[in-house]
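Each chain, written out:
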Amino acid sequence: MRQLLAHAAHLGVTVHVAHLPEPYRGFYDHERRRVVYDFGLTPIERACVLAHELGHAFHAHQGRDDPAAEAAADAYAAALLVDPAHYARLESIGLSPGEVAEELGVTVKMLRAFVEHHLVRVHGAAYTRPRLGRDQHDHLARWAS
């Protein structure tokens with residue numbers, strides 16, 4: 001979580017915690033450059049929601065209910081949260097998606113975003129892109145677009 005908060009600061013985004021009404025788990029306020037996430041989230045949910053909302057901040061998304069923006073934010077979050085080498089090791093030993101997600105400390109939804117946006121399968125072999133450093137935003141922007 002500390003790395004995500006540092007990343008938020010790098011993006012010029014403040015992070016706040018609040019009790020949000022159902023079904024909201026978090027949101028990004030572009031005008032105020034802030035992310036708010038729900039107080040009741042588990043630690044894994046907290047990291048995934050924060051990383052997702054930082055994806056909206058990175059892409060300067062405004063508004064709601066845009067499937068393309070949601071997919072881009074998920075792709076960004078997956079690149080921040082999932083270590084490709086660790087994923088590859090877990091997949092190679094035959095764990096279920098739920099078990100892999102648990103081992104990686106992400107939600108199954110975030111794991112699906114990683115597989116969809118950052119994994120390529122060729123003749124039964126899985127290849128991942130190398131994990132990006134926090135300062136390599138230009139590469140991430142190309143992946144998410």
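Residues numbered from 1 in each chain as written. Predicted model: local features only at pLDDT ≥ 70, side-chain atom pairs only at ≥ 80, totals over all residues. Heavy atoms only, no water.

S.K.: Before we move on, could you go through the overall build of the protein chain and cite the residues and values that matter?
M.R.: The secondary structure content of the protein chain amounts to seven helices and five strands. Contacts in the protein chain between residues at least 24 apart in sequence constitute 50% of all its contacts with a sequence separation of at least 6. Put simply, the protein chain shows about 8,400 Å² of open surface, and 53% of that area lies on carbon and sulfur atoms. (Helix = DSSP H or I, 4+ residues; strand = E, 2+ residues; numbered from the N terminus. Contact = heavy atoms within 4.5 Å. Areas by Shrake-Rupley, 256 points an atom, 1.4 Å probe, with all protein chains shown as cover.)

S.K.: Can you break down the packing of helix α3 (residues 67–81) against helix α6 (residues 108–118) residue by residue, with the values?
M.R.: Interhelical geometry of α3 versus α6 gives an angle of 95° and a closest axis separation of 8 Å. Taken as axis vectors, α3 and α6 run roughly perpendicular relative to one another. Contact residues: Ala71, Asp74, Ala75, Ala77, Ala78, Ala79 and Leu81 in α3; Lys109, Met110, Ala113, Phe114, His117 and His118 in α6. Of the residues belonging to the contact of α3 with α6, the class tally is nine nonpolar, two polar and two charged. (Axes fitted to C-alpha atoms, helices over the stretch in contact; angles between N-to-C directions. Parallel < 35°, antiparallel > 145°, perpendicular 65-115°, else oblique. Nonpolar A, V, L, I, M, F, W, Y, C, P; charged D, E, K, R; others polar.)

S.K.: Could you give me a rundown of the pattern of salt bridges, with the residues and numbers involved?
M.R.: For the structure shown, the criterion picks out four salt bridges. Ionic contacts of the salt-bridge type, sharing partners, join the residues Asp29, Arg32 and Arg34 into one network. (Salt bridge = Lys/Arg side-chain N within 4 Å of Asp/Glu carboxyl O.)

S.K.: Could you give me a rundown of the pairing of strand β2 (residues 26–29), with the residues and numbers involved?
M.R.: Pairing geometry for β2 and strand β3 (residues 34–38), over four bridges, is antiparallel. Within the sheet, the bridge partner assigned to Gly26 lies in β3 and is Tyr37. In textbook terms, the turn of a hairpin is the stretch between consecutive antiparallel strands, and for β2 and β3 this stretch comprises four residues, one of which, Arg33, has a positive phi near 55°. (Pairing = 2+ DSSP bridges.)

S.K.: Account for unusual backbone geometry, naming residues and giving values.
M.R.: Between Glu22 and the following residue, Pro23, the backbone shows a cis peptide bond with an omega angle of 0°. Mapped onto the fold, Pro23 is located in the loop between β1 (14–18) and β2. Despite not being glycine, Arg33 has its phi angle at roughly 55°, a positive value. With respect to the element layout, Arg33 can be found in the loop between β2 and β3. The phi dihedral of Ala60 is positive, around 55°, even though this residue is not glycine. Mapped onto the secondary structure, Ala60 falls in the loop between α2 (43–59) and α3. Residue Ala60 is classed as partly exposed on the basis of its relative accessible area of 37%. (Buried < 20%, exposed > 50% of the residue type's maximum accessible area, 1.4 Å probe, protein only.)

S.K.: Can you break down the environment of Ala75 residue by residue, with the values?
M.R.: Secondary-structure assignment places Ala75 in helix α3. With relative accessibility at 1%, the residue Ala75 sits in the buried group. When the C-alpha positions of Ala75 and His118 are compared, they lie 7.8 Å apart, and in sequence the two are 43 residues distant. If we ignore the near neighbours within four places in the chain, the residues touching Ala75 are His117 and His118.

S.K.: Account for the packing of helix α4 (residues 84–92) against helix α5 (residues 97–104), with residues named and values stated.
M.R.: Packing of α4 against α5 brings their axes to within 10 Å, and their N-to-C directions diverge by 145°. In this structure, the crossing between α4 and α5 has a hand that is right-handed. Of the residues in α5, those touching α4 at His86, Tyr87 and Leu90 are Val100, Glu103 and Leu104. For the contact of α4 with α5, the per-class residue count stands at four nonpolar, one polar and one charged. (Left-handed = near helix turned anticlockwise from the far one by under 90°.)

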